[in-house]
Amino acid sequence: MISNYWVITAAHCTPTSLERGHIFAGGHILRDMREADTYIINSMYRHPKWNHPDLFDNDIGLVSVKKSIIMRGSVLPVCLPHAKTCFKEQTQCVTTGWGLTSERGEFPDKLQEVAVEIFKKDDCTNLAGYGHVKDTAICAGYHDGRKDACSGDSGGPLVCRLEAPYTGAWVLYGIVSWGYGCARPGNPGVYTSVKSYSDWIEK
Ligand code: 4AZ
């Protein structure tokens, strides 16, 4: 959630025409969203240059809700990165979701989180199958695999913590987009680089 009315996700998580479903705010248990506040979806936008199913470029979408989201407890908007915000190689960031806990594993009931490291762009594009990854995406994970986002985590956040003098602020640096399998050596997760879309988000 980036404001009272707007939720950010992956383009591949937003249907093009159907505007239905709900936004649950504050839920942690997928099969029991009673603790969550429910909001009706007002509109959905996917990036006009989202080019599924070829390259997964511009995998970003926005969903708006009909009523202003009430901020309370853990229900708070995340900061957006400045267009020049850059987290260097090996920075530990965090991704969260209800996706598979391993490639051949199960869908968890409780929201999961895992720390993943930012890859240097060349270290990613030199990997087999990652040559087409543009500067509008970020690779994160570990060279030897082990920890990663997985199927069902798409559209979720990759947050990184700003350093002094902005200590404490977590920014939405990426959006879970794709990868080959999950936590495989040499196959990091690919995240949409949110800072590359500041203008589109603002518009
Ligand atoms: C998916 O299908 C998916 N290992 C998300 C992230 C990754 C792979 C697949 C990254 O939602």
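Overview of the structure. Quantities reported herein were computed from a predicted structural model and do not represent experimental measurements.

What counts, and at which threshold
- Residues numbered from 1 in each chain as written.
- Predicted model: local features only at pLDDT ≥ 70, side-chain atom pairs only at ≥ 80, totals over all residues.
- Heavy atoms only, no water.
- Phe/Tyr/Trp six-rings, centres within 6.5 Å; stacked < 30°, edge-to-face > 60°.
- Helix = DSSP H or I, 4+ residues; strand = E, 2+ residues; numbered from the N terminus.
- Buried < 20%, exposed > 50% of the residue type's maximum accessible area, 1.4 Å probe, protein only.
- Lys NZ or Arg CZ within 6 Å of the ring centre and 35° of its normal.
- Salt bridge = Lys/Arg side-chain N within 4 Å of Asp/Glu carboxyl O.
- Pairing = 2+ DSSP bridges.
- Axes fitted to C-alpha atoms, helices over the stretch in contact; angles between N-to-C directions.
- Disulfide = S-S within 2.5 Å.

A separate point is the packing of aromatic side chains. This structure, assessed with the given rule, holds six aromatic pairs. Between Y130 and W178 the ring centres are 5.5 Å apart and the planes differ by 20°, which places this aromatic pair in the stacked class. Of this pair, Y130 sits in the loop between α1 (121-125) and β7 (137-141) while W178 sits in strand β9 (residues 170-178); the two residues are 48 residues apart in sequence, bridging distant segments of the chain. A ring pair is formed by Y130 and Y180, whose centres lie 5.2 Å apart and whose planes are at 80°; its orientation type is edge-to-face. Placement of Y130 in the loop between α1 and β7 and of Y180 in the loop between β9 and β10 (189-193) is noted, with a sequence separation of 50 residues between them. On the basis of relative accessibility, which here comes to 0%, the residue Y130 falls in the buried class. Classification of Y180 by relative accessible area gives partly exposed; the value is 32%. Three or more aromatic residues link up through ring pairs in this structure, and these residues are Y130, W178 and Y180. In this arrangement the basic side chain of R146 is found over the ring face of Y142, its NZ or CZ atom lying 4.8 Å from the centre.

In the structure shown here, the tally under the stated rule is seven salt bridges. With a shortest N-O distance of 2.8 Å, R34 and D32 are connected by a salt bridge. The class for D32 is partly exposed, based on a relative accessible area of 26%. Note that E103 and R184 form a salt bridge whose closest N and O atoms lie 2.6 Å from each other. Here R184 lies in the loop between β9 and β10 and E103 lies in the loop between β5 (92-97) and β6 (112-118), a separation of 81 residues in the sequence. When its relative accessible area of 30% is taken as the criterion, E103 is described as partly exposed.

A few words now on the sheet that holds β5. A barrel is described by the order of its strands in space; here six strands give the closed sequence β5-β6-β7-β10-β9-β8, paired in antiparallel fashion. On average, adjacent strands in this sheet sit at an angle of 45° to one another, irrespective of strand direction. Bridge analysis of β7 against β10 gives four bridges, and the strand direction is antiparallel. Across the sheet, residue A140 finds its bridge partner in β10, namely G189.

What follows covers unusual backbone geometry. In this chain, A164 is followed by P165 through a cis amide linkage whose omega measures 5°. By the secondary structure assignment, P165 is in the loop between β8 (157-161) and β9. Of note in this structure, N58 is not a glycine but carries a positive phi near 55°. For N58, the location among the structural elements is in the loop between β3 (37-46) and β4 (61-65).

So, about the state of the cysteines. Counting across every chain of the model gives three disulfides. Here C93 connects covalently by a disulfide to C160, the sulfurs 2.1 Å from one another. Note on the C93 and C160 pair: the S-S dihedral is about 105°, so by sign convention the disulfide is right-handed. With C93 in strand β5 and C160 in strand β8, this residue pair connects regions lying 67 residues apart in the sequence. With its bonded cysteines labelled in order along the sequence, the protein shows the pairing 1-5, 2-3, 4-6.

As judged from the six bridges shared by β5 and β6, these two strands associate in the antiparallel manner. Each residue of the ladder has a partner; that of C93, found in β6, is V116. Where β5 and β8 come together, two bridges link them in antiparallel fashion. Bridge pairing in β8 links V94 to V159.

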